[in-house]
Amino acid sequence: MGYAHLRELQTALTTASDIASALRAEPTRRDADQLVDVLRRALTAASSLGAETGPTGCAVHPHGAVDPLYGDPEDPLPPGYGRCLLCNDRRRRADAHRPRPQPHPRFRRHWRQSA
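Presented here is a report on the structure given in the accompanying data block. In this text the structure is predicted, and so the values were computed from the model without any measurement.

Applying the stated criterion across every chain yields a total of 0 aromatic pairs. Just above the ring of Y81 sits the side chain of R91; from NZ or CZ to the centre is 5.6 Å.

Here is the structure:
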């Protein structure tokens, strides 16, 4: 992981330098926003350089269990799920308890009849 973060840092800093060099006397809001986004990416990569990551790659549970479904082509995990079993379990529980959408009171009578 260290090499990937180092490459990300180098790329972000090069991009930030290119953007800063191309700025005109009066930069636009869009120019400033682009520069801020790239510098945030560089800061994130720089702060991750010394971070120790375990097999899960999770900042909260670096040495936790790896989800057995991670990388399974027949039963892929939903988007946003990582290798950490503990975090994925939390996500699964949250997804299971999402409230069902309620119809607008004006249409409730028609909704019950069709369901």
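Next comes the rest of the account.
To continue, consider the pattern of salt bridges. Following the criterion strictly, the structure yields 5 salt bridges and no others. E8 is the salt-bridge partner of R41, the closest N and O atoms lying 2.7 Å from each other. Here the residue R41 occupies a position in helix 2 (residues 29-48), and E8 occupies one in helix 1 (residues 2-22), the gap between them amounting to 33 residues. Residue D31 is joined to R24 by a salt bridge in which the shortest nitrogen-to-oxygen separation is 3.6 Å.

Residues L9, A12, A16, I19, L35, V38, A42 and A45 constitute the largest nonpolar core, which totals 8 residues. Of all the secondary structure elements, the ones that give two or more residues to this core are helix 1 and helix 2. Residues contacting A16, with those up to four places away along its chain left out, are L35, V38 and L39.

Now for the side chain of D31. With respect to the element layout, D31 can be found in helix 2. A residue is classified by how much of its surface remains accessible, and D31, at 14% relative accessible area, is buried. Among all residues touching D31, those that are not within four sequence positions of it are I19, L23 and R24.

Next up on the list: helix 2. The terminal C-alpha atoms of helix 2, which comprises 20 residues, lie 29 Å apart, in line with the 28 Å expected from a rise of 1.5 Å per residue. By the burial criterion, the buried members of helix 2 are D31, L35, V38, A42, A45 and S48. Angular distribution of buried residues about the axis of helix 2 spans 155°; they occupy a single face of the element. In helix 2, the exposed positions that point more than 90 degrees away from the buried face belong to R29, R40, L43, T44 and S47.

With the rule as written, the count across this model stands at 0 disulfides. With no disulfide partner, C84 has as its closest neighbouring cysteine sulfur the one in C87, 3.8 Å distant. The class of C84 is buried, set by a relative accessible area of 4%. Considering cysteine sulfurs only, C58 is the nearest to C87, which forms no disulfide, with 3.6 Å between them.

Calculation notes
- Residues numbered from 1 in each chain as written.
- Predicted model: local features only at pLDDT ≥ 70, side-chain atom pairs only at ≥ 80, totals over all residues.
- Heavy atoms only, no water.
- Phe/Tyr/Trp six-rings, centres within 6.5 Å; stacked < 30°, edge-to-face > 60°.
- Lys NZ or Arg CZ within 6 Å of the ring centre and 35° of its normal.
- Salt bridge = Lys/Arg side-chain N within 4 Å of Asp/Glu carboxyl O.
- Helix = DSSP H or I, 4+ residues; strand = E, 2+ residues; numbered from the N terminus.
- Core = buried A, V, L, I, M, F, W, Y, C linked by side-chain atoms within 4.5 Å.
- Buried < 20%, exposed > 50% of the residue type's maximum accessible area, 1.4 Å probe, protein only.
- Contact = heavy atoms within 4.5 Å.
- Expected span 1.5 Å × (residues − 1).
- Arc of directions from axis to C-beta.
- Disulfide = S-S within 2.5 Å.

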